[in-house]
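# Descriptive structure summary
Listed below are the residues making up each chain.
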Amino acid sequence: MNILVLGAGTMGNAHAAAYTEMKDVTLCGIVDVNFEKAAQLADKCGTKAFSSYEEAKQQIVDIDVVSVCLPTPLHKETVLQAARDKFHVICEKPLARHLADAREMIDFCEQQGVRLFVGHVVRFFPEYVQAKEVVDSQKIGQPVIARTTRGGAFPNASNDWYANFIKSGGLILDTVIHDFDFLRWCFGEVERVYAKTSRGRAAGKLEYSLITLRFENGVIAHVEGTWAHQNFHTKLEIAGKEGIIQHDSTSVSPVVVEKSASVDEVVGVAVPSSPTQHSPYYLEIEHFISCIKEGKEARVTAEDAYKALEISLASLQSIESGEPVYLKQFSSLEGVK
């Protein structure tokens, strides 16, 4: 399969590196408006550089898949164009800045008969996969409470586009959305959200957000996001009626299951970290490619990405209104600034 990567930033590098390691896959080009960046990445990966999507299309005879690793505001027009050209699409999260755009993208790809995949890579991190397996196996009993943390320093990118909230959606839409997707994967649909953020109050680009999710099955999740720390880190805790799962990316043991004393006398049973030869980004993209080849359903679908976007935008509306937002009543956030 022939792959074209659009964007030579952080995620473009991650996608390109994954493709260069795969069998039966050819990375046929890197596109970036900053041709120097595209050329540097192309040289590293042994492929060609282009300054525009149109230029790449004219020079590459056969393209099967387009990887969209561009800023969020460019996702819609790029995905629609690739679908129009009958290319399958792997798009980085968030799928779009607005729900209406995301729905249009999903529907149009379906109409064009092309597959649309969205990069919610947390579902491919071994620690999180193991945590979900523990939950599903009922080893900690019925889940009751979950708590996640994700973040680090403010992200720097071309034209400092993350600093423009209208374009990026800030910390919640860009970073915390990963945990929304993972938690929904574990516990199903969200009933309501309530969120607070330091955006607009903290100095400079610092941002901290805390979101409370109540799921339809009764689970309560406290989701913490930060762009106010230097080193990127994640934490996960899921408490069930019979035990607790804990994960801390700064810890030596990625996932630990602690059983309640009344259930099991053994405390601190470690779950193997299942180290993999390849990065989670490789595993994710390899999975998407296999879905195209075999026509199978993806672990994370475009509809899953839509739901994660919906939770994120509902959180932003809760911040704006100061009130809880019920997902079933929530439709569009076009007016949120």
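Just above sits the structure.
What this report covers is the structure whose coordinates are included nearby.

Rules of the game
Residues numbered from 1 in each chain as written. Predicted model: local features only at pLDDT ≥ 70, side-chain atom pairs only at ≥ 80, totals over all residues. Heavy atoms only, no water. 1 Å grid on protein atoms, 1.4 Å probe; cavity = no way out; pocket = protein on both sides within 12 Å on 5 of 7 lines; lining within 4 Å. Points joined across faces, edges and corners; volume = space filled by probe spheres on them. Helix = DSSP H or I, 4+ residues; strand = E, 2+ residues; numbered from the N terminus. Nonpolar A, V, L, I, M, F, W, Y, C, P; charged D, E, K, R; others polar. Buried < 20%, exposed > 50% of the residue type's maximum accessible area, 1.4 Å probe, protein only. Contact = heavy atoms within 4.5 Å. Phe/Tyr/Trp six-rings, centres within 6.5 Å; stacked < 30°, edge-to-face > 60°. Lys NZ or Arg CZ within 6 Å of the ring centre and 35° of its normal. Pairing = 2+ DSSP bridges. Axes fitted to C-alpha atoms, helices over the stretch in contact; angles between N-to-C directions. Parallel < 35°, antiparallel > 145°, perpendicular 65-115°, else oblique. Left-handed = near helix turned anticlockwise from the far one by under 90°. Right-handed = clockwise from strand over helix to strand, strands pointing away.

## Quick look at the layout of surface pockets
If you add up the space inside the second largest pocket, you get close to 270 Å³. Surrounding the second largest pocket, 13 residues form its lining, Arg115, Leu116, Glu297, Thr301 and Ala302 being those nearest its centre. Going through the elements one at a time, α5 (99–112), β6 (116–119) and α10 (302–321) are the ones with two or more residues in the lining of the second largest pocket. No other element matches the 3 residues that α5 contributes to the lining of the second largest pocket. Residues belonging to the lining of the second largest pocket are distributed by class as follows: 8 nonpolar, 1 polar and 4 charged.

## Some thoughts on helix α4 (residues 75–84)
Looking at α4, one finds that the buried residues are His75, Thr78, Val79, Leu80, Ala82 and Ala83. Tucked inside the fold, the buried residues of α4 contact β1 (2–6), α3 (53–59), β4 (65–68), β5 (88–92), α5 and β6. At the C-terminal side of α4, Lys86 shows a positive phi close to 70°.

## What about the packing of aromatic side chains?
Enumeration according to the criterion identifies 8 aromatic pairs in this entry. Ring geometry for Trp161 against Tyr162: centres 4.2 Å apart, planes inclined by 25°, an arrangement best described as stacked. In this structure Trp161 comes out as buried when scored by relative accessible area, which is 11%. Given the relative accessible area of 17%, Tyr162 is considered buried. Here Phe182 and Trp185 contribute two aromatic rings whose centre-to-centre distance is 6.1 Å and whose plane-to-plane angle is 70°, an arrangement assigned as edge-to-face. Of the two residues, Phe182 and Trp185 both sit in helix α8 (residues 170–187), 3 residues apart, roughly one turn of that helix. Judged by its relative accessible area of 0%, Phe182 is buried. Taken together, the ring pairs in this structure connect Phe154, Trp161, Tyr162 and Trp227 into an aromatic cluster. Note that Arg199 overlies the ring of Phe165, its terminal NZ or CZ placed 3.6 Å from the centroid.

## Considering the sheet that holds β4
What the 6 strands build is an open sheet, ordered β3-β2-β1-β4-β5-β6; its pairing is parallel. Two strands in the sheet have a free side with no partner beyond their single neighbour: β3 (49–50) and β6. Here 4 bridges tie β5 to β6, and the two strands are oriented parallel to one another. Of the residues in β6, the one forming a bridge with Cys91 is Val118. Helix-sheet contacts for helix α1 (residues 10–21) involve β1, β2 (26–31), β4 and β5, and the interaxial angle to β1 is about 165°. Lying over the sheet, α4 contacts β1, β4, β5 and β6, oriented at roughly 165° with respect to β5.

## A word on the packing of helix α6 (residues 126–136) against α8
For the pair α6 and α8, interaxial distance at closest approach is 10 Å and the crossing angle is 25°. It follows from the interaxial angle that α6 and α8 lie roughly parallel. Note on packing geometry: the crossing formed by α6 with α8 is right-handed. For the pair α6 and α8, contact is made by Tyr128, Val129, Ala131, Lys132 and Val135 and by Asp179, Phe182, Trp185, Cys186 and Phe187, respectively. A per-class count over the contact of α6 with α8 returns 8 nonpolar, no polar and 2 charged.

## Focus: the pairing of β5
Most of β5 is tucked away: 5 of the 5 residues are buried. Of the two faces of β5, the one lined by His88, Ile90 and Glu92 and the one lined by Val89 and Cys91 are each fully buried. Here β4 runs beside β5; their pairing, made up of 4 bridges, is parallel. Residue pairing across strands places Val65 opposite His88, the latter belonging to β5. Following the backbone out of β4, through α4 and into the adjacent parallel β5, one traces a crossover that is right-handed. This β-α-β element, β5 to α5 to β6, shows right-handed connectivity.

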